[in-house]
Amino acid sequence: MMLNVTDRMIVLPGDFIGTRSSEYNIVGAVYWEGDRAYASAVAMINIKGDVKPMEVQVIPLNGTYKPRIGDIVIGYITDILITGWEVDIKSPYSAYLPVNEAALKPIDVVTADLRNLLNVGDIILARISDFNLAKDYPVTLTIKESKLGRIEDGTVIEIDPVKVPRVIGKKGVVVNTFKDELNCDVTVGQNGRVWVRCRNPADEAFVAQVVKFIERESHQSDLTEKVKAMVRDYKASRVSQAAT
């Protein structure tokens, strides 16, 4: 048994991660040679759990979004089809939102103008309900759930999909900082799009800057504390400006 990495360590392709063991499971961007795991990409190590077996995650620092059933994603309507909409979800795989997954009541697609529901350019918050490579549109979406649907306000930010866990933070600490300190709701799509809504719309530009900072500096071990400090400084400057 051998583990050759530590939490938050940066590894390069070909770096030795560790051997198979009952003490931990190695997952993520790795390839195996016998019982030995090696990094398959530039990645950061994230060791989860205090109870054995621990999970040793090898998280790539850049990459494309790979859809999974159940993922929450933010998409752009790119085309109106006969029975639904084509949606860009920032993935190599085409996504489709059927009419019956967009409306609570039955709709006659022969007579209805689907543009009245969703039009090209609209942004939606959706969940992946199916992923099947045998279909013309491998990804099927639904918005027939609470809090899903068309995005009509706020700001949408693009980030690298592999940086999503860093923007969320362990146990949601980063997004909760935005909510608790700035009254901003931050919804992070697994496909690398972030929807920000603040009680004060002027705060959205600041949150967008912080999100891009997190994406750029995701390899830093003290990133969460730096984000909290940035938010405190911003709040202090806002109070100072209001007092003058």
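Here the structure is a predicted model, which is why all the values come from computation and not from measurement.

J.: How should the packing of aromatic side chains be read in this particular structure?
T.: Within a pair of aromatic rings, the relevant descriptors are the distance that separates the centres and the angle that separates the planes. With the rule as written, the count across this model stands at five aromatic pairs. Measuring from centroid to centroid gives 5.7 Å for Phe 16 and Tyr 38, while their planes differ by 50°, and the two rings are tilted. Of the two residues, Phe 16 sits in strand 2 (residues 16-19) while Tyr 38 sits in strand 5 (residues 36-39), which places them 22 residues apart along the sequence. Just as Phe 16 is buried, Tyr 38 falls in that class too. Plain terms: the ring middles of Tyr 93 and Phe 131 are 5.2 Å apart, the flat faces sit at 75° to each other, and that makes the pair edge-to-face. Taken together, the residues Tyr 93 in the loop between strand 9 (84-88) and strand 10 (95-98) and Phe 131 in strand 11 (residues 123-131) connect sequence positions 38 residues apart. Its relative accessible area of 28% is what places Phe 131 among the partly exposed residues.

J.: Sorry, what's going on with the sheet that holds strand 1 (residues 10-11) here?
T.: Sheet strands line up and pair through hydrogen bonds in the backbone, either parallel or antiparallel. Pairing is mixed in the open sheet, where four strands are placed in the order 1-6-7-3. The open sheet is flanked by strand 1 and strand 3 (24-28), the only strands paired with a single partner. Bridge count between strand 3 and strand 7 (residues 54-60): five bridges; the pairing is parallel. Looking across to strand 7, one finds that Gly 28 is bridged to Val 58.

J.: Which parts of the structure should I look at to understand the nonpolar core?
T.: One broad trend across soluble globular proteins is that nonpolar side chains are buried collectively. Ranked by internal contacts, the top residues of the largest apolar core, which has 25 residues, are Phe 178, Leu 182, Val 186, Val 194 and Val 207. The set of elements that each furnish at least two residues to this core consists of helix 1 (164-168), helix 2 (173-182), strand 15 (184-188), strand 16 (193-198), helix 3 (203-216) and helix 4 (223-243). With seven residues, helix 3 is the single largest residue contributor to this core. Ignoring anything within four residues of it in the chain, the contact list for Phe 178 reads Asn 183, Cys 184, Val 186, Val 207, Val 210, Val 227 and Val 231. Membership of the second largest hydrophobic core comes to 23 residues, among which are Trp 85, Leu 114, Ile 128 and Trp 195.

J.: What is the right way to look at the sheet that holds strand 16 in this model?
T.: The sheet built from three strands is open, its strands ordered 14-16-15 with antiparallel pairing. Whereas interior strands pair on both sides, the edge strands pair on one side only; in this sheet they are strand 14 (155-158) and strand 15. When the angles between neighbouring strand axes are averaged without regard to direction, this sheet yields 20°. Running over the sheet, helix 3 touches strand 14, strand 15 and strand 16 and is turned about 150° from strand 16.

J.: Would you mind going over helix 2 with me for this structure?
T.: Residues spaced three or four apart along an α-helix point in a common direction, a consequence of the helix completing one turn every 3.6 residues. Where helix 2 is concerned, the buried positions are Val 174, Val 175, Thr 177, Phe 178 and Leu 182. Down the axis, helix 2 shows its buried residues gathered within 150° of arc, on one side only. The first or second residue beyond helix 2 is Asn 183, which carries a positive phi of 55°.

Criteria and thresholds
- Residues numbered from 1 in each chain as written.
- Predicted model: local features only at pLDDT ≥ 70, side-chain atom pairs only at ≥ 80, totals over all residues.
- Heavy atoms only, no water.
- Phe/Tyr/Trp six-rings, centres within 6.5 Å; stacked < 30°, edge-to-face > 60°.
- Helix = DSSP H or I, 4+ residues; strand = E, 2+ residues; numbered from the N terminus.
- Buried < 20%, exposed > 50% of the residue type's maximum accessible area, 1.4 Å probe, protein only.
- Pairing = 2+ DSSP bridges.
- Core = buried A, V, L, I, M, F, W, Y, C linked by side-chain atoms within 4.5 Å.
- Contact = heavy atoms within 4.5 Å.
- Axes fitted to C-alpha atoms, helices over the stretch in contact; angles between N-to-C directions.
- Arc of directions from axis to C-beta.

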